[in-house]
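Notes for the structure review
Below are the chains, spelled out letter by letter.
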Amino acid sequence: MMTPAAQDPGATGRQIGMPLVHAVNVMKAFDGNQVLKGIDLDVRKGQVVCLLGPSGSGKTTFLRCINQLETIDGGRIWVDGELMGYEDRAGTLHRLTSKAVAAQRREIGMVFQRFNLFPHKTTLENIMEAPIQVKGEKKDQARERAIALLARVGLADKPSAYPAQLSGGQQQRVAIARALAMGPKLMLFDEPTSALDPELVGEVLAVMRELAKEGTTMIVVTHEMSFAREVADHVVFMDGGVVVEEGEPKSVINNPQHDRTKSFLRRMQSEPQALEHVPETLQEAMIADTKRHPQEAE
Amino acid sequence: MSTPALSDRPGLIEARPVRHPWRWVAVAVIAVIAAMMVSSFVTNGRWDFSLSAQIMIQQPVIDGLVRGTILGTVGAMIIGVSLGILMAIMRLSDNVVLHGVASVYTWFFRAIPRYVLLVIIGSGIGYLYNTLDVGVPFGKQIAALFGMSSTLTFGTIDVNGLTGTIVGGILGLGLSEAAYMAEIARAGILSVDKGQSEAAQALGMPDGKAMLRIILPQAMRVIVPPTGNETIAMVKDTSLLIAIPVIAELNYQTGAIANRIFKIMPGLVASTVWYLIVCSVLMVGQYYLERHFGRGFGQKKPKDKRFARAAGMGGA
């Protein structure tokens, strides 16, 4: 557990010198089933942290707690020095109104396993929706930025396509662009490639790799070991609602200390469809894809 | 197994379709029955279609059609749909007060027959409350208690002047419709994937905005078809306006003319034809509404090459 330099969880107001994400003893139960049993996590600005672990280990729940899609039963989560979901008034916690919670979420982008694009809106409208409706951006300005974001995820030619007309990989790239449109301080990825056909995983991971290179702070729940190994600064292995092991990807993935980590990694490495290497750029991902399916090339 | 030589491989299929002889028999029977009906229309003078056509275009009938049937349908459905969606949202809300109010509303208005409700509004409410005072609640009692000269009443509405007219009828039909629409809208809202509201939340959208811009437009795809059904039912239920009583309504007007000239059946045919016409127009409207709210959900598959991998072209 990395300890931040200066922090006082009990004090009110914004915390200075705290990591961008500072989670202490986070607990969550669903109907008496304790899913999170006291998770601690620090993420500094610009860091990429991967949460690994078997399904049911609580990693997705923890990710959803960070942006308040789940309310926590115990512990505290600060994002950029702001206590999430509650206001600390002289030592007493007061639940924030849903409006205030919505305001906190604006700073945090999220990408879902099942994309969750708005099916009744085109890709461009999907990206423009929140900047216009939530931030009150001008339509022209939002459109300009949406076009730039679409180009950034390699979909400049699909501004007026509806999500149903896109492949899974393309939909997920639009979803990333949609989250980026709000200019978030932090990006959360909840198994962003788990719902994709194996040949589409590379293009999404390549976009995420480019984001990481640009210094985006990211927390990624994933089963893609190649991504954790090559892109993450820090990996956290969770099982049964606790952090079993964490550290640099090299040490955790290549030299795990705990039996649970070892058996999980063994299982992951025997996955036949696992990606060996995360493409450096989107272009590389596309070229690799054409190589795998030469009959598709014109 | 060896691959057969190219020339041996089976080519395009030119097969005989399955024969359906009984369909032809059915068509013949239906044709005979239809011919008999048409023949009776011509030979049986009591149908008197030309009289029906004349009744259809009488000024009171047209007035009743426009001001009673069409205006009544439009008004009642506007109240029904908007109040119904509001009730559905309230029913799905975490707020127990809103949930309770919506549940009681639906329970009450679904239980009352529309005819009974319209009689109550037309005759009962005006009898119980001749006038409606707008002012401080219990203003008269408070004023009496403290011996004030004012009654704390700012204005008075003549209840009879409203409930005895088409306004009361539209209100009654609309309130009743809202109870049914609430259930339809609730089903529509529940049909939208939970991931949609989560995506909106994650973008920092307030709940109301997420409902209006993300959830409801998608729910409409499920809400519109049964609403078309409800609208068509409402066209016919405007004939209940007579319970208010409102007589500027299609069925009453054709009946009134038919009764006066002792030609009951031509009058009924006249109103039937008008109802058919109005409902046909509504069905066309419904088609366009469904197409509008179905955008993005079409079956159109993209011309994406990933999906266009032709069978038999050989993979790696």
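Please read all numbers here as calculations on a predicted model, not as lab measurements.

A word on the overall build of chain B
- Assigned secondary structure in chain B consists of 12 helices and 2 strands.
- A compact globule built from 316 residues would reach a C-alpha radius of gyration of about 20 Å, whereas chain B, at 29 Å, exceeds it by more than 25%.
- Dimensions of chain B along its principal axes, counting C-alpha atoms only, are 110 × 70 × 30 Å.
- With 316 residues in all, chain B has 34% of them scored as buried.
- Within chain B, contacts between residues at least 6 apart in sequence are counted, and of these 77% link residues at least 24 apart.
- Working note: accessible area of chain B is about 19,600 Å², and carbon and sulfur atoms make up 67% of it.
- In chain B, the 26 positive side-chain charges and the 17 negative ones have mean positions that sit 9 Å from each other.

A closer look at the environment of B:Gln54
- Locating B:Gln54 in the fold gives a position in helix α2 (residues 49–56).
- By relative accessible area, which is 48% here, B:Gln54 ends up partly exposed.

Concerning the sheet that holds strand β3 (residues 48–52) of chain A
Residue and element names in this part refer to chain A.
- A sheet is described by the order of its strands in space; here 6 strands give the open sequence β8-β9-β10-β3-β11-β12, paired in mixed fashion. With one partner strand each, in any of the chains shown, β8 (108–111) and β12 (242–247) form the two edges of the open sheet. The sheet shows a mean angle of 20° between the axes of neighbouring strands, taken without regard to direction.
- Pairing between β3 and strand β11 (residues 234–239): 4 bridges, direction parallel. Residue Leu52 lies in a different strand from β11, and its bridge partner there is Phe237.
- Packing of helix α1 (residues 59–66) onto the sheet brings it into contact with β3, β8, β9 (186–190), β10 (218–221) and β11, and relative to β9 it is tilted by some 150°.
- Together, β3, β9 and β10 form the strand contacts of helix α6 (residues 198–213), whose direction differs from that of β10 by roughly 150°.

Examining the environment of B:Ile242
All names here are of chain B.
- Relative to the elements of secondary structure, Ile242 occurs in the loop between α10 (207–237) and α11 (250–260).
- Measuring from C-alpha to C-alpha, the distance between Ile242 and Gly122 comes to 9.6 Å, with 120 residues separating the pair along the chain.
- If sequence neighbours within four positions are ignored, Ile242 has contacts with Ile247 and Tyr252.

Regarding the nonpolar core
- A:Phe62, A:Leu186 and A:Ile219 are the most contacted members of the largest nonpolar core, which totals 55 residues.
- At 9 residues, the largest contribution of residues to this core is made by α10(B).
- Leave out the neighbours within four places in its chain, and A:Phe62 touches A:Ala23, A:Val26, A:Leu36, A:Ile39, A:Leu41 and A:Leu51.
- Counting 53 residues, the second largest nonpolar core, distinct from the first, contains A:Val48, A:Met128, A:Val153 and A:Met208.

Observations concerning the pattern of salt bridges
Residues and elements named next belong to chain A.
- The final tally for this structure, using the stated rule, is 20 salt bridges over all chains.
- Of the charged contacts in the structure, one is a salt bridge between Glu230 and Arg209, with a shortest N-O distance of 2.9 Å. Of the two residues, Glu230 is situated in helix α7 (residues 225–230) and Arg209 in helix α6; the sequence distance between them amounts to 21 residues.
- Residue Glu230 is classed as partly exposed on the basis of its relative accessible area of 27%.
- By relative accessible area, Arg209 is classed as buried at 10%.
- Between Arg209 and Glu280 there is a salt bridge; the shortest N-O distance is 3.4 Å. In this pair, Arg209 is assigned in helix α6 and Glu280 in the loop between α9 (259–269) and α10 (282–292), connecting sequence segments 71 residues apart.
- Residue Glu280 is classed as partly exposed on the basis of its relative accessible area of 29%.

Examining a nonpolar patch on the surface
All names here are of chain B.
- On the surface, a cluster of nonpolar side chains totalling about 560 Å² of accessible area is made up of Tyr115, Val116, Val119, Ile120, Ile242, Ile247 and Tyr252.
- Considering each element in turn, the nonpolar patch owes the most residues, 4 residues, to helix α5 (residues 114–128).
- With respect to the helices and strands, the residue Tyr252 is situated in helix α11.

Considerations on the confidence of the model for chain B
- Chain-level pLDDT for chain B is 89 on average; 92% of the residues reach the 70-or-more range.
- The low-confidence segment residues 299–316 of chain B, where pLDDT is below 50, has 23 contacts with residues more than four positions distant or belonging to other chains.

Quick look at the state of the cysteines
- Applying the stated criterion across every chain yields a total of 0 disulfides over all chains.
- Of the cysteine sulfurs around A:Cys50, a residue in no disulfide, the closest is that of A:Cys65, at 19 Å.

A look at the side chain of A:His234
All names here are of chain A.
- Its place among the elements puts His234 in strand β11.
- His234 gets classed as buried once you look at its relative accessible area, which sits at 7%.
- At a separation of 2.7 Å, a polar atom in the side chain of His234 contacts the side chain of Glu246.

Overview of unusual backbone geometry
All names here are of chain B.
- In this structure, the amide linkage connecting Ile244 to the following residue, Pro245, adopts the cis form with an omega of 10°.
- Structurally, Pro245 can be placed in the loop between α10 and α11.
- Phi at Phe138 takes a positive value of approximately 60°, unusual for a residue other than glycine.
- Its place among the elements puts Phe138 in the loop between β1 (131–135) and α6 (139–146).
- When its relative accessible area of 64% is taken as the criterion, Phe138 is described as exposed.

Considering the packing of aromatic side chains
All names here are of chain B.
- Tallied over the entire structure, the rule returns 8 aromatic pairs over all chains.
- Ring centres of Phe41 and Trp47 lie 5.0 Å apart, and the angle between their planes is 85°; this geometry places the pair in the edge-to-face category.
- In this structure Phe41 comes out as partly exposed when scored by relative accessible area, which is 29%.
- On the basis of relative accessibility, which here comes to 24%, the residue Trp47 falls in the partly exposed class.
- On the numbers, 5.1 Å between centres and 80° between planes, the contact of Tyr287 with Tyr288 is edge-to-face.
- Among the residues examined, Tyr287 registers a relative accessible area of 48% and is labelled partly exposed.

Description of the packing of α2(B) against helix α12 (residues 264–293) of chain B
All names here are of chain B.
- Interaxial distance between α2 and α12 falls to 8 Å at its minimum, and their mutual angle equals 60°. Between α2 and α12, the crossing angle belongs to the class labelled oblique. For the element pair α2 and α12, the recorded crossing hand is right-handed. Mapping the contact onto sequence places Phe49, Leu51, Ser52, Ile55 and Met56 in α2 and Pro266, Gly267, Val269, Ala270, Val273, Trp274 and Ile277 in α12.
- Of the residues that constitute the contact of α2 with α12, the class distribution is 10 nonpolar, 2 polar and no charged.

Reading the values: rules and limits
- Residues numbered from 1 in each chain as written.
- Chains lettered and ligands numbered in written order.
- Predicted model: local features only at pLDDT ≥ 70, side-chain atom pairs only at ≥ 80, totals over all residues.
- Heavy atoms only, no water.
- Helix = DSSP H or I, 4+ residues; strand = E, 2+ residues; numbered from the N terminus.
- Rg over C-alpha atoms; globule rule 2.2 N^0.38 Å.
- Buried < 20%, exposed > 50% of the residue type's maximum accessible area, 1.4 Å probe, protein only.
- Contact = heavy atoms within 4.5 Å.
- Areas by Shrake-Rupley, 256 points an atom, 1.4 Å probe, with all protein chains shown as cover.
- Lys, Arg positive; Asp, Glu negative; His and termini not counted.
- Charge placed at Lys NZ, Arg CZ, Asp CG, Glu CD.
- Pairing = 2+ DSSP bridges.
- Axes fitted to C-alpha atoms, helices over the stretch in contact; angles between N-to-C directions.
- Core = buried A, V, L, I, M, F, W, Y, C linked by side-chain atoms within 4.5 Å.
- Salt bridge = Lys/Arg side-chain N within 4 Å of Asp/Glu carboxyl O.
- Patch = residues over 30% accessible without salt bridge, like charges linked within 9 Å, V, L, I, M, F, W, Y side chains within 5 Å.
- pLDDT = per-residue confidence, 0-100.
- Disulfide = S-S within 2.5 Å.
- Polar contact = N/O pair within 3.5 Å; in protein donor to acceptor, adjacent residues only side chain to side chain.
- Phe/Tyr/Trp six-rings, centres within 6.5 Å; stacked < 30°, edge-to-face > 60°.
- Parallel < 35°, antiparallel > 145°, perpendicular 65-115°, else oblique.
- Left-handed = near helix turned anticlockwise from the far one by under 90°.
- Nonpolar A, V, L, I, M, F, W, Y, C, P; charged D, E, K, R; others polar.

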